[in-house]
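Tertiary structure, described
Each chain, written out:
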Amino acid sequence: MGFSTLLTPWPAFAGLTKSLQEGGKVMYPGSKSFVPVMLTPYNTDKTINYHHLDRLTDHYLAAGARGLFANCLSSEMYELSPEERLKITQRVLGRVNGRFPVVATGSFGDTIQEKADFTKKMADTGVDAVIMITSHFAEKDESDSEMIKNLEIFLRLTEGIPLGTYECPSPYKRILSEKVLSHILPSERLIYHKDTTEDIDDIARKLAISKGSNLGLYNAHIGSAVDSLRMGGAGLSPIAGNYYPEIIAWICQHATDPTKKEEVDWLQIQLAKMGPIITKNYQLSARYFLNQSGLSLEVISRKSNGQLSRQEMKTLDEAGKEVNSWKE
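Here we summarise the structure given alongside this text. (Residues numbered from 1 in each chain as written. Predicted model: local features only at pLDDT ≥ 70, side-chain atom pairs only at ≥ 80, totals over all residues. Heavy atoms only, no water.)

**Some thoughts on the environment of A225**
Along the polypeptide, A225 turns up in helix α7 (residues 225-230). Judged by relative accessible area, which is 2%, A225 ranks as buried. The spatial distance from the C-alpha of A225 to the C-alpha of C252 is 8.7 Å, given a sequence separation of 27 residues. Here A225 is in contact with N219, L236 and Q268, once residues within four sequence places are set aside. (Helix = DSSP H or I, 4+ residues; strand = E, 2+ residues; numbered from the N terminus. Buried < 20%, exposed > 50% of the residue type's maximum accessible area, 1.4 Å probe, protein only. Contact = heavy atoms within 4.5 Å.)

**Describing the sheet that holds strand β3 (residues 33-34)**
Read across the sheet, 8 strands follow the order β3-β10-β9-β8-β7-β6-β5-β4 without closing on themselves; strand pairing throughout is parallel. Every other strand in the sheet has two partners, leaving β3 and β4 (68-70) as the edge strands with one partner each. The sheet contact formed by β4 and strand β5 (residues 102-105) spans 3 bridges and is parallel. Its bridge partner being in β5, F69 is matched across the sheet by V103. (Pairing = 2+ DSSP bridges.)

**Considering the packing of aromatic side chains**
Per the stated rule, a full pass over the model turns up 11 aromatic pairs. Here the aromatic rings of Y244 and F289 are separated by 6.0 Å at their centres, their planes lie at 85°, and the arrangement is edge-to-face. Here Y244 is found in the loop between β10 (235-236) and α8 (245-254), whereas its partner F289 is found in helix α10 (residues 282-291), with 45 residues between them in sequence. In this structure Y244 comes out as buried when scored by relative accessible area, which is 1%. Each residue in the set Y243, Y244, Y282, F289 and W326 is aromatic and connected to the rest through ring pairs, giving one cluster. Residue placement shows R85 over the ring face of F108; its charged tip is 3.7 Å from the ring centre. (Phe/Tyr/Trp six-rings, centres within 6.5 Å; stacked < 30°, edge-to-face > 60°. Lys NZ or Arg CZ within 6 Å of the ring centre and 35° of its normal.)

**Structural notes on the environment of L73**
As for its placement among the helices and strands, L73 is situated in the loop between β4 and α2 (82-96). Taking the C-alpha atoms as reference points, L73 and Y166, separated by 93 residues in sequence, lie 10.0 Å from one another.

**Considerations on the pairing of strand β6 (residues 129-133)**
When you tally the buried positions in β6, you get 5 out of 5 residues, the bulk of the element. Residues of β6 alternate between two faces, with A129, I131 and I133 on one and V130 and M132 on the opposite face, all of them buried. Inspection of the sheet shows β5 paired to β6 by 3 bridges, in the parallel sense. The residue of β6 that forms the bridge with T105 is I131. Tracing the backbone out of β6, into helix α4 (residues 144-157) and back to the parallel element strand β7 (residues 163-166) gives a crossover that is right-handed. (Right-handed = clockwise from strand over helix to strand, strands pointing away.)

As structure tokens, then:
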């Protein structure tokens, strides 16, 4: 499928990534990028398996990823200690070795000061941007005005650090409103937004507001993946990337190519059908599915003490055969 052509940094981070620049000019500007939300591999005792983390990092990049989102919800960030959050990020950075951008969540802590302090620690690892969880900056019943006030304090305390935003479902999903986005965008520090609205109209409004800025929108919703790319989205960061990363990378590469429209539209339909079937019990099923590609991840999770049922494994095996036919 020609995935070697995908191995270039994504546009929003072009100014930060120097390793693939020639004469100060970034290669392939304007391309769309697949940015996986990384899993955290474990040993059987649920300690982190850093050797498998290296292999998983390599797998994402070989599949066509142009950057990585370490220490995210898919990484089970809330089940990791502060030290582990930093260590897995450092490990990924070391494995990538400057070839591609890496972002990681940093807005942990009970107070704005604590969130800022950990953000600084995460920035010190060398990540290209530290991600802010939108629901970390206001309670569920608090207004956008309260969120803006907290973000203003946070921005002052983290001066100079490139940032991103993530509408993470935990502790609750808080959509980045037009009001909040319009207020913080002039800081010129936002370069990555992971969108989980599942609302193409909301995505269109965000794209309109951020047009001409450094902010790139990465859609997490596979059902609107192609539409968001064609509307100006910078790329995709869906959990589907932990099942068939090659397919998501290919979609990013060809979504706006008129000569590939028929194939892209067909794949969009298949992805929308497949997602609900295989993403049940996500943390376990994703590992099982990735193992079909030659990885040897333990099919365990800190969030789950259960196991996949025989029927779940059968469903995943059948899905794997179908996905292989897509690749062919």
